[in-house]
Amino acid sequence: MRKLTVGLDVGDKYSWFCLLDHDGAKIEEGRVRTTPRGIGRKFEDVGRMLVVLEVGTHSPWVSRLLEGCGHEVLVANSRRLQMIYGNDQKTDAVDAELLARVGRMDPKLLYPVRHRGAGAQADLGVIRSRDALVQARVQLVNHVRGSVKAFGGRLPSCSTPAFAQKAGGHIPEELVSTLGPVLETIARLTSQIRAYDRKIVQMCRERYPETRSLSQVNGVGDLTALCYVLTLDDPRRFHRSRSVGPYLGLTRRRRESGERQPQLGISKAGDEMLRRLLVGSAHYILGPFGSDSDLRRWGQQLASRGGKTGKKRAVVAVARRLAVLLHSLWLSGEVYEPLRQARLDEAA
């Protein structure tokens with residue numbers, strides 16, 4: 001039986017802690033600085049304890065630090081802790097005590113989150129930095145197009161990487177001095193994004209060779225494959241490949257009550273960027289440039305009988321099945337056969 005359970009409400013500058021004994025009585029509470037030195041001085045050399053904290057900005061390094069001190073650490077999924085963020089008397093001290101008591105009662109109620117290692121987190125930062133630059137570029141391109149339309153002009157259609165070069169000659173004279181610096185910023189962002197793309201390709205070839213198995217699927221590039229590998233971190237975390245769909249928020253929410261079974265949207269749990277990349281791959285697979293495959297045929301059949309929202313629902317379904325397929329390829333290392341099921345059906 002554990003002697004101590006600790007609830008740790010991690011804040012940006014200070015973190016509040018609450019210690020409970022094996023009977024649930026409060027032993028100590030207080031706050032420490034949210035720094036490696038502050039947390040380390042408080043929790044090192046005090047014996048093994050169960051420490052419960054919420055997932056957040058600081059939770060990756062805090063959980064690794066506490067595990068290094070010899071403690072058992074549970075990182076609670078904040079989406080499942082309505083008793084904390086929905087509390088009318090919400091304070092740091094109350095949150096820390098609630099975390100400790102829930103963790104002491106049944107850790108499964110916390111739906112614990114597993115953080116990736118420091119190396120994988122740093123590599124994933126490369127992809128997130130690229131994504132931030134892409135989103136900033138999209139906002140600037142939309143700003144330029146909108147500004148030109150307000151003066152009665154219209155910029156030519158072109159790809160986003162070529163926008164800064166092709167749009168320069170079509171800017172109205174009144175806006176040249178205003179939008180010129182914006183176009184220069186877009187050009188610099190494009191150069192930086194290309195540098196990230198080269199780095200991602202290098203990382204896939206040198207450090208993450210397992211991405212080759214995932215890139216066999218038409219529509220899955222190095223970016224999506226690397227983001228998939230770094231987000232899941234370890235494929236053996238999942239006992240079944242089908243568990244990856246709910247993990248990434250690609251399955252429907254359920255709210256059944258008696259005979260009432262409303263049709264709800266997907267849960268959107270898990271990593272938003274990877275989910276967006278998988279949906280983009282699904283669009284490509286179902287689009288005009290997608291090659292023939294079992295996944296494409298299945299998605300097209302689903303879209304044809306779905307009514308007005310059939311295409312949208314088919315894209316999500318293909319993204320979910322793609323997530324399952326990539327996990328299976330990652331575990332097995334098999335050569336991908338796009339029309340395997342079709343070939344088996346013909347043989348039967």
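These figures come from a predicted structure and were not determined experimentally. (Residues numbered from 1 in each chain as written. Predicted model: local features only at pLDDT ≥ 70, side-chain atom pairs only at ≥ 80, totals over all residues. Heavy atoms only, no water.)

Once that is clear, we can look at the overall build of the protein. For the protein, the helix and strand inventory stands at 14 helices and 5 strands. Overall size of the protein, expressed as C-alpha extent along the three principal axes, is 70 × 70 × 50 Å. Here the protein, with 348 residues, has 39% of them falling under the buried criterion. Partitioning the intrachain contacts of the protein with sequence separation of at least 6 by distance along the chain shows that 56% fall at a separation of at least 24. Element-wise, carbon and sulfur atoms account for 49% of the exposed surface of the protein, whose accessible area totals about 20000 Å². In the protein, 56 side chains carry a positive charge and 37 a negative one; their mean positions are 5 Å apart. (Helix = DSSP H or I, 4+ residues; strand = E, 2+ residues; numbered from the N terminus. Buried < 20%, exposed > 50% of the residue type's maximum accessible area, 1.4 Å probe, protein only. Contact = heavy atoms within 4.5 Å. Areas by Shrake-Rupley, 256 points an atom, 1.4 Å probe, with all protein chains shown as cover. Lys, Arg positive; Asp, Glu negative; His and termini not counted. Charge placed at Lys NZ, Arg CZ, Asp CG, Glu CD.)

Before going further, it helps to spend a moment on the nonpolar core. Among the nonpolar cores identified, the biggest contains 41 residues, and Y228 and L278 are the most heavily contacted of them. When residues of this core are traced back to their parent elements, those giving at least two are α5 (118-149), α7 (176-206), α9 (222-232), α11 (272-286), α12 (294-304) and α13 (310-332). Sort the elements by how many residues they give to this core and α13 lands first, with 9 residues. When sequence neighbours within four positions are dropped, the list of residues in contact with Y228 reads L214, V244, L274, A323, L326, H327 and W330. (Core = buried A, V, L, I, M, F, W, Y, C linked by side-chain atoms within 4.5 Å.)

This part covers the sheet that holds strand β3 (residues 26-33). Read from one edge to the other, the open sheet built from 5 strands follows the order β3-β2-β1-β4-β5, with strand pairing classed as mixed. Each edge of the open sheet carries a strand with a single partner, namely β3 and β5 (72-76). On average, adjacent strands in this sheet sit at an angle of 20 degrees to one another, irrespective of strand direction. One ladder, built from 5 bridges, connects strand β1 (residues 5-9) with strand β2 (residues 14-20); its direction is antiparallel. Looking at the pairing, D9 lines up with W16 of β2. Running over the sheet, helix α1 (residues 36-43) touches β1, β2 and β3 and is turned about 160 degrees from β3. Of the strands in this sheet, β1, β2, β3, β4 (50-54) and β5 touch helix α4 (residues 92-105), which is tilted by about 140 degrees from β1. (Pairing = 2+ DSSP bridges. Axes fitted to C-alpha atoms, helices over the stretch in contact; angles between N-to-C directions.)

Right, let's get into the environment of H58. Of note, H58 is situated in the loop between β4 and α2 (59-68). When the C-alpha atoms of H58 and G306 are compared, they prove to be 43 Å apart, with 248 residues separating the residues in sequence. The contacts of H58, once residues within four sequence positions are left out, are V10, G11, D12 and T34. Here D12 takes part through its side chain, which lies 3.0 Å from a polar atom of the side chain of H58. (Polar contact = N/O pair within 3.5 Å; in protein donor to acceptor, adjacent residues only side chain to side chain.)

Estimates place the volume of the largest pocket at around 1300 Å³. Lining the largest pocket are 33 residues, with N77, V113, R114, Y247 and G270 sitting closest to its centre. If you list the elements that add at least two residues to the lining of the largest pocket, you get α5 and α10 (244-247). With 4 residues, the top contributor of residues to the lining of the largest pocket is α5. Its boundaries defined by the atoms lining it, the second largest pocket holds a volume of some 750 Å³. Looking at the second largest pocket, it is lined by 23 residues, and the ones nearest its centre are D294, L295, R321, L325 and Q341. Going through the elements one at a time, α12, α13 and α14 (340-347) are the ones with two or more residues in the lining of the second largest pocket. A total of 8 residues in the lining of the second largest pocket trace back to one element, the largest contributor, which is α13. (1 Å grid on protein atoms, 1.4 Å probe; cavity = no way out; pocket = protein on both sides within 12 Å on 5 of 7 lines; lining within 4 Å. Points joined across faces, edges and corners; volume = space filled by probe spheres on them.)

This brings us to unusual backbone geometry. Comment: phi is negative for the bulk of residues other than glycine, and the bulk of peptide bonds are trans. Even without a glycine there, the phi angle at D45 is positive, about 60 degrees. One can find D45 in the loop between α1 and β4. The backbone phi angle of K268 is positive, close to 60 degrees, even though this residue is not glycine. By the secondary structure assignment, K268 is in the loop between α10 and α11.

Below, the discussion takes up α11. If you check α11, its first and last C-alpha atoms are 21 Å apart, about what 15 residues at 1.5 Å a residue would give, namely 21 Å. Buried within α11 we find M273, L274, R275, L277, L278, S281, A282, I285 and L286. Packed against the buried residues of α11 are α5, α9, α12 and α13. The N-cap of α11, judged by a side-chain oxygen 3.3 Å from the amide nitrogen of M273 a few residues on, is D271. (Expected span 1.5 Å × (residues − 1).)

There is a patch of like positive charges on the surface, built from R253, R255, K268 and K312. With respect to the helices and strands, the residue R255 is situated in the loop between α10 and α11. Among the residues examined, R255 registers a relative accessible area of 58% and is labelled exposed. (Patch = residues over 30% accessible without salt bridge, like charges linked within 9 Å, V, L, I, M, F, W, Y side chains within 5 Å. Salt bridge = Lys/Arg side-chain N within 4 Å of Asp/Glu carboxyl O.)

The next thing to look at is the side chain of T224. You can see T224 is positioned in helix α9. In this view, T224 contacts L274, L277, L278 and S281; residues no more than four positions away in its chain are not counted.

Geometric descriptors of this kind do not, in isolation, establish any biological role.
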